[in-house]
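If you want the building blocks of each chain, they are given just below.
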Amino acid sequence: MRTDRPTIMSPRPNERYNAREAEPKWQKVWEDQRTFRTRDDAGASGRPKYYVLEMFPYPSGRIHMGHVRNYTIGDVIARYKRARGFNVLHPMGWDAFGMPAENAAMEKSVHPKGWTYDNIAAMRTQLKAIGLAIDWDREFATCDPEYYGQEQALFLDFLAAGFVSRKKSTVNWDPVDNTVLANEQVIDGCGWRSGAPVERRELTQWFLNISDFADDLLAGLDTLDRWPEKVRTMQRNWIGRSEGAKVFFAVDGVEGAPDYKLEIFTTRPDTLFGASFCALSPHHPLTQKLAADNAELQAFIKKCDQIGTSEEAIETAEKMGFDTGLKARHPFIDGHTLPVYVANFVLMEYGTGAIFACPAHDQRDLDFARKYKLPVIPVVAPKDRDAAAQAAFAEELAAHGTDAFTGDGVAINSDFLNGLDVTAAKRTAIAKLEAMGLGEGTINYRLRDWGISRQRYWGCPIPVIHCEACGTVPVPRAQLPVLLPDDVSFDRPGNPLDRHPTWKHVDCPKCGKPARRETDTFDTFVDSSWYFARFCAPNAVTPTDRTATDSWLPVDQYFGGVEHAILHLLYARFFTRAMHKTGHLDVEEPFAGLFTQGMVNHETYRDANGQWVPPSEIAIETVGGARIAKRLSDGGPVTIGAIEKMSKSKKNTVDPEDIIAQYGADTARWFMLSDSPPERDVQWTDAGAEGAWRFTQRVWRLVTGTPDDLAPKGTALPADLDAAALGLRRVAHQALAALTDDIENLRFNRAVARIYELANAISAFNPANAGGKWAKREALEYLVLMIAPMMPHLAEECWAALGHETPAVDTEWPVADKALLVEDSVTIAVQVNGKRRDELTIARDADVETVERAALALEKVEKAIDGKAVRKVIVVPGKIVNVVV
RNA sequence: GCCCCUGUGGCGGAAUGGUAGACGCGGCAGACUCAAAAUCUGUUGUUGGCAACAACGUGCUGGUUCGAGUCCGGCCAGGGGCACCA
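None of the values given here were measured: they were computed from a predicted structure. (Residues numbered from 1 in each chain as written. Chains lettered and ligands numbered in written order. Predicted model: local features only at pLDDT ≥ 70, side-chain atom pairs only at ≥ 80, totals over all residues. Heavy atoms only, no water.)

A.B. asks: Explanation requested: the packing of aromatic side chains in the structure shown.
C.D. replies: Overall, the coordinates contain 46 aromatic pairs when judged by the stated rule. Ring centres of Y341 and F368 lie 5.5 Å apart, and the angle between their planes is 90 degrees; on these two criteria the pair is classed as edge-to-face. With Y341 in strand β12 (residues 337-343) and F368 in helix α12 (residues 363-371), the pair connects residues that are 27 residues apart, well separated along the chain. Assigned by exposure class, Y341 and F368 land together as buried. Ring centres of F393 and F405 lie 5.3 Å apart, and the angle between their planes is 80 degrees; on these two criteria the pair is classed as edge-to-face. Residue F393 is located in helix α13 (residues 387-400), and its partner F405 is located in the loop between α13 and β15 (410-411); the two are separated by twelve residues in the primary sequence. The exposure class of F405 is buried, given its relative accessible area of 18%. (Phe/Tyr/Trp six-rings, centres within 6.5 Å; stacked < 30°, edge-to-face > 60°. Helix = DSSP H or I, 4+ residues; strand = E, 2+ residues; numbered from the N terminus. Buried < 20%, exposed > 50% of the residue type's maximum accessible area, 1.4 Å probe, protein only.)

A.B. asks: Quick question: what am I supposed to make of the sheet that holds strand β20 (residues 471-474) here?
C.D. replies: Sheets are built from strands paired through backbone hydrogen bonds, the pairs being either parallel or antiparallel. Pairing is antiparallel across the open sheet formed by four strands, whose spatial order is β20-β19-β22-β21. In the strand order of this sheet, the two ends are held by β20 and β21 (505-507), each with one partner. Geometrically, the sheet is characterised by an average inter-axis angle of 40 degrees between neighbouring strands, direction not taken into account. Direction of pairing for strand β19 (residues 464-467) relative to strand β22 (residues 514-517): antiparallel, over a ladder of two bridges. In the strand pairing of β22, I465 is matched with R517. (Pairing = 2+ DSSP bridges. Axes fitted to C-alpha atoms, helices over the stretch in contact; angles between N-to-C directions.)

A.B. asks: Is there a simple way to explain the confidence of the model for chain A in this structure?
C.D. replies: When pLDDT is low, close inspection of the predicted coordinates is not appropriate. Averaged over chain A, the pLDDT score is 91; the fraction of residues at 70 or greater is 97%. This stretch, residues 1-14, has a pLDDT under 50; its non-local contacts, to residues over four places away or in other chains, come to 24 contacts. Reported for the predicted complex are a pTM of 0.93 and an ipTM of 0.95. (pLDDT = per-residue confidence, 0-100. Contact = heavy atoms within 4.5 Å.)

A.B. asks: So what exactly am I meant to see when it comes to helix α19 (residues 567-581) here?
C.D. replies: For an α-helix, the turn length of 3.6 residues means that residues three or four places apart are oriented alike. Between its first and last C-alpha, α19 extends 21 Å over 15 residues, near the 21 Å set by a 1.5 Å rise per residue. Burial runs high along α19: twelve of the 15 residues are buried. Looking one or two places after α19, you find G583, whose phi comes out positive at around 80 degrees. (Expected span 1.5 Å × (residues − 1).)

A.B. asks: Explain the nonpolar core here, please?
C.D. replies: Inside soluble globular proteins, nonpolar side chains tend to come together where they are buried. Core analysis: the largest hydrophobic core is formed by 177 residues, its most contacted members being Y51, Y531, F532, F575, W684 and M790. In this structure F575 touches L154, F158, L208, W450, V526, S529 and W530, once residues within four positions along its chain are discounted. Y260, A357, A394 and I430 belong to the second-largest nonpolar core, a separate cluster that totals 61 residues. (Core = buried A, V, L, I, M, F, W, Y, C linked by side-chain atoms within 4.5 Å.)

A.B. asks: What is the right way to look at the pattern of salt bridges in this model?
C.D. replies: Where charged atoms of side chains with opposite charge meet at close range, the side chains can pair. Across all of its chains, the model carries 48 salt bridges by this definition. The closest approach of N and O atoms between R446 and E311, which form a salt bridge, is 3.3 Å. Pair noted here: R446 is in the loop between β16 (439-445) and β17 (450-451) and E311 is in helix α11 (residues 311-316), with a separation of 135 residues, a long-range link. Residue classification places R446 among the partly exposed positions, given a relative accessible area of 26%. The exposure class of E311 is partly exposed, given its relative accessible area of 36%. Notably, a salt bridge pairs R777 with E781, separated by 2.6 Å at the nearest N-O pair. Of this pair, R777 and E781 both sit in helix α25 (residues 770-787), four residues apart, roughly one helical turn. Owing to a relative accessible area of 12%, R777 belongs among the buried residues under this scheme. A single network of salt bridges, built from pairs that share partners, joins D741, D742, R747, R750 and R754. (Salt bridge = Lys/Arg side-chain N within 4 Å of Asp/Glu carboxyl O.)

A.B. asks: What's the story with unusual backbone geometry in this structure? I'm lost.
C.D. replies: Only a minority of non-glycine residues have a phi that is not negative, and only a minority of peptide bonds are not trans. Backbone torsion omega between L480 and P481 reads -5 degrees, so that peptide bond is classified as cis. Secondary-structure assignment places P481 in the loop between β20 and α15 (496-499). Between L553 and P554 the backbone carries a cis peptide bond, its omega angle lying at 5 degrees. If you trace the backbone, P554 turns up in the loop between α18 (546-552) and β24 (557-561). In this model, L746 sits at a positive phi of 60 degrees, which is unusual for a non-glycine residue. With respect to the secondary-structure elements, L746 resides in the loop between α23 (723-744) and α24 (748-764). The class for L746 is buried, based on a relative accessible area of 11%. A positive phi angle is found at D866, which is not glycine, with a value near 55 degrees. Structurally, the position occupied by D866 is in the loop between α28 (859-865) and β33 (872-876). For D866, a relative accessible area of 56% puts it in the exposed group.

A.B. asks: What am I meant to see in the protein's contact with RNA strand B here?
C.D. replies: Around RNA strand B sit 67 residues, and of these N183, N237, R456, R750 and N882 come closest. Across the atoms of RNA strand B situated within 4 Å of the protein, the share located in sugar and phosphate is 62%. Note that a base nitrogen of RNA strand B is positioned 3.3 Å from one of the side-chain N or O atoms of E312. Here R446 contributes a backbone N or O atom positioned 2.9 Å from a base nitrogen of RNA strand B. Of the residues assigned to the surface near RNA strand B, the class counts are 22 nonpolar, 18 polar and 27 charged. (Near = heavy atom within 4 Å. Polar contact = N/O pair within 3.5 Å; in protein donor to acceptor, adjacent residues only side chain to side chain. Nonpolar A, V, L, I, M, F, W, Y, C, P; charged D, E, K, R; others polar.)

A.B. asks: What am I meant to see in the packing of helix α8 (residues 229-239) against α19 here?
C.D. replies: Describing two packed helices takes the angle between their axes plus the distance from one axis to the other. Running from N to C, α8 and α19 point in directions that differ by 75 degrees, and their axes come no closer than 10 Å. Viewed along their axes, α8 and α19 adopt a mutual orientation that is roughly perpendicular. Across from V231, Q235, W238 and I239 in α8, the residues of α19 making contact are L567, L569, L570 and R573. Of the residues belonging to the contact of α8 with α19, the class tally is six nonpolar, one polar and one charged. (Parallel < 35°, antiparallel > 145°, perpendicular 65-115°, else oblique.)

A.B. asks: Honestly, α23 in this entry has me stumped. Any pointers?
C.D. replies: With 22 residues, α23 extends 31 Å between its outermost C-alpha atoms, agreeing within 8% with the 32 Å of an ideal straight helix rising 1.5 Å per residue. Just downstream of α23 lies L746, where phi reads positive at about 60 degrees.

A.B. asks: Is there a simple way to explain the side chain of H466 in this structure?
C.D. replies: Within the fold, H466 resides in strand β19. A residue is classified by how much of its surface remains accessible, and H466, at 12% relative accessible area, is buried. A polar contact of 2.7 Å, which involves the side chain of H466, links it to the side chain of E518. Sequence-distant contacts of H466, that is, excluding residues within four places in its chain, are made with R166, W206, G471, T472, A515, R516, R517 and E518.

A.B. asks: I tried to follow the environment of G253 on my own but got confused; where do I start?
C.D. replies: You can see G253 is positioned in the loop between β8 (241-252) and β9 (261-266). Each C-alpha atom, one on G253 and one on L326, is 6.5 Å from the other, the two residues being 73 residues apart in sequence.

A.B. asks: Is there a simple way to explain the sheet that holds β17 in this structure?
C.D. replies: Strands sit in the order β4-β3-β7-β17 across an open sheet of four strands; the sheet is antiparallel. This sheet does not close on itself; its edge strands, each paired only once, are β4 (179-181) and β17. Where strand β3 (residues 164-174) and β4 come together, three bridges link them in antiparallel fashion. In the sheet register, N172 faces β4, and the bridge partner there is L181.

A.B. asks: Help me understand the packing of α23 against α24, please; the structure alone is not making it clear to me.
C.D. replies: At their nearest, the axes of α23 and α24 sit 8 Å apart, and the two run at 170 degrees to each other. Compared by their axis directions, α23 and α24 come out roughly antiparallel. Residue-level inspection shows L728, V731, A732, A735, A738, L739, D742 and I743 of α23 in contact with α24, the latter providing F748, R750, A751, R754, I755, L758, A761 and I762. Within the contact of α23 with α24, the residues separate by chemical class into 13 nonpolar, no polar and three charged.

A.B. asks: How should I be thinking about a positive patch on the surface in this particular structure?
C.D. replies: A cluster of basic side chains, namely K835, R837, K860 and K863, defines a positive patch on the protein surface. Within the residue set of the positive patch, elements represented by two or more residues are β32 (835-843) and α28. Summarising the element assignment, K835 is placed in strand β32. (Patch = residues over 30% accessible without salt bridge, like charges linked within 9 Å, V, L, I, M, F, W, Y side chains within 5 Å. Areas by Shrake-Rupley, 256 points an atom, 1.4 Å probe, with all protein chains shown as cover. Lys, Arg positive; Asp, Glu negative; His and termini not counted. Charge placed at Lys NZ, Arg CZ, Asp CG, Glu CD.)

A.B. asks: What is the right way to look at the environment of G471 in this model?
C.D. replies: By secondary structure assignment, the location of G471 is in strand β20. Separated by 37 residues in the primary sequence, G471 and C508 place their C-alpha atoms 9.5 Å from one another. When near neighbours in sequence (up to four residues on either side) are disregarded, G471 contacts I465 and H466.

Here it is, written out as structure tokens:
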């Protein structure tokens, strides 16, 4: 058991690395020398530019371990690229608008503005303690009027360019609090504060026409070769381009519309002969029309509307249908009609808000058909079966099937389509529909336009004025920014802007008559869709300064959580295109390189009453191999639970400030980079943190412990190195080359392992002569420069201890000597029938026949062959020999 | 429900289709110490064996290959996203 903490104040202070003193000292040196201030003269100085960016934080009040991980990873690259001679831009800002500030205002009677700026001040101090190589001169918050005013200017340009529209959409409505709820605020279909079942409401809202850019955004993904494949796949699926058909079903008996044609979209026109019903969204115009004089249908729609607006809620809700009694005429089968249902799983936002259903070949349709006892007509059968087998398959599926057949196959029971495969049948069906004038081939996207209106105070006001005579009128540019009023109240739910006594009352800029200011604010995703461009020239009097953005963009390497893989990144890509088209940017893709890092997890703990207990309040002992947790305050029993993402609700958080106070920032940084690959989740453990801390001390001892073993600084390389010294040089140069490669490829956990290997080699080395001392100094200097991007403060302290006057941060990245990287001989494995039997050390350049002969001569190999005939010998030079018998 | 990802010793993980377990944590043994901490040295996948060594072993299952942790098919489990959380 070990519950004690290492003390930084040591009885032998001169021998221990004192992070608490060293870290602020070096941070001050960097700040005084303005080391990380970025100058815009990339071209003039001849240094290539490199723009490193991490997703900027929401100012919640305190940094968490996720921030430490994110910003450490980015910082390693920023420092490394700087050492490689790049002119690095590495800025920081604040994604400062959003709901938590309003929640705080309601709960704690503070103003969102004060709360936000206080949080920023606190978090800035915390971030600075991590020792990040950031140009703080470029800092801004999205709630600064200088920022959101420029955002309003951008919006007006988008409006003029036709990228903006206004249309109806549904929101979650809390009928008790009379307020719009975010999906997050809907818990099990009820409002999070009132507990009342949510309703849906239609509101007229502002949209950015991102779906007009669908094809462009899709094509752009192919150019992003430094993005993770999974993110590109997710975006592709999100955009969801699908080729299909629009089909018109004539519907009889619609009041006042004798020729009513129901337009549906389908990706499977080949299954039209298997249609057994049509289904409308509860929000389809025809549904609404029918409901006008049908109380039962009204009740059904109301029931559907009790589900929240999220796709997850809709898709997982039990399928419900309402038979309208209307009949739709089948386009291909004369005299055949299909019942028309209203169904809760049909989304108004996708396709045309109406479908035809083929239960045999769509799982949702099948579930629905079984529930409402509708026919199941198989029209596709698996290939490569005879007619009898296909008939048997169809009969079974129709009668008892619970799994729809969605694979490829051949059309059956489908008149003129019979015998065609799915692709050909689709084509033929579309041609027929077009010939009949009952439909056409079309392309549909899953991607919907981006609703940006929010009925909230703490966001960027939408710069528009509503006039009864003139309609929606843009706020004249001279009147920007439209500032948020400070005198607002949060004593009741709803939008404080809307109930402000004077703010919304303005005169129409066009006709001068009394008009009403738009009281909606922007979705905060708008703020984060262009901040990377603003960092290039944060004080420009236009949204962007083209000289600056043209030279800095795109961002060379962007780091952030994988949870942003779709929305934020897609919106930023859209914004960049829209800014390109309106002349604000030269580029169309904002992020040339993207890396999505994993989360920081921790064990969870609960006391006897099931209450969550934070890690800082417990002690862990190991008794008989089992880990037992107790509460520090009273020794009460604590159950160790699952390892989960650090979250306030489960209290399994570790405060970075505590870790930095205890061990120093370098230890926290080192631990974040060790062990787990950066794209995967990492588990924070005390033992891991202590291990990292011990390594900082070990580096310090290695560097300062044996001064007599080191050649004086600047000594020339002695000509006659002995084998041991040469060996150390090889290890050092190989470690440097491997680590450089690992950092370039963002494999920080492997980079850490290389450093351990080098440290182990240096520890084991005892210089026997001047050559050895020279080699040891070289190895130590490499070690210090190699750790510098990861543990910058320790590196500076060590670099100074090695006698250098120029800080490590201003020292060029060393380059490994290629001659020291290659070995003369290689060890290769020898297999018999794929099973390793022995290994063989042989000259690196030995030819295939020599290797084969040597392998077959090995005693163990001979034994394994056991006198059998050798059929084949596979020799992969430098890798392996496989003898096949 | 849909889309995406992950699964390897006691633990975190390493491994361009080519010697599975680098490196770290933890454990065990030893050195130093009055003792402890710190530090250093050795050892550590499992099973059998004094040992040499052998067999087994990368969630399950089937396949491709001279050779599969890696590629393909089908499962299982965990995680992320699902458009108003950021």
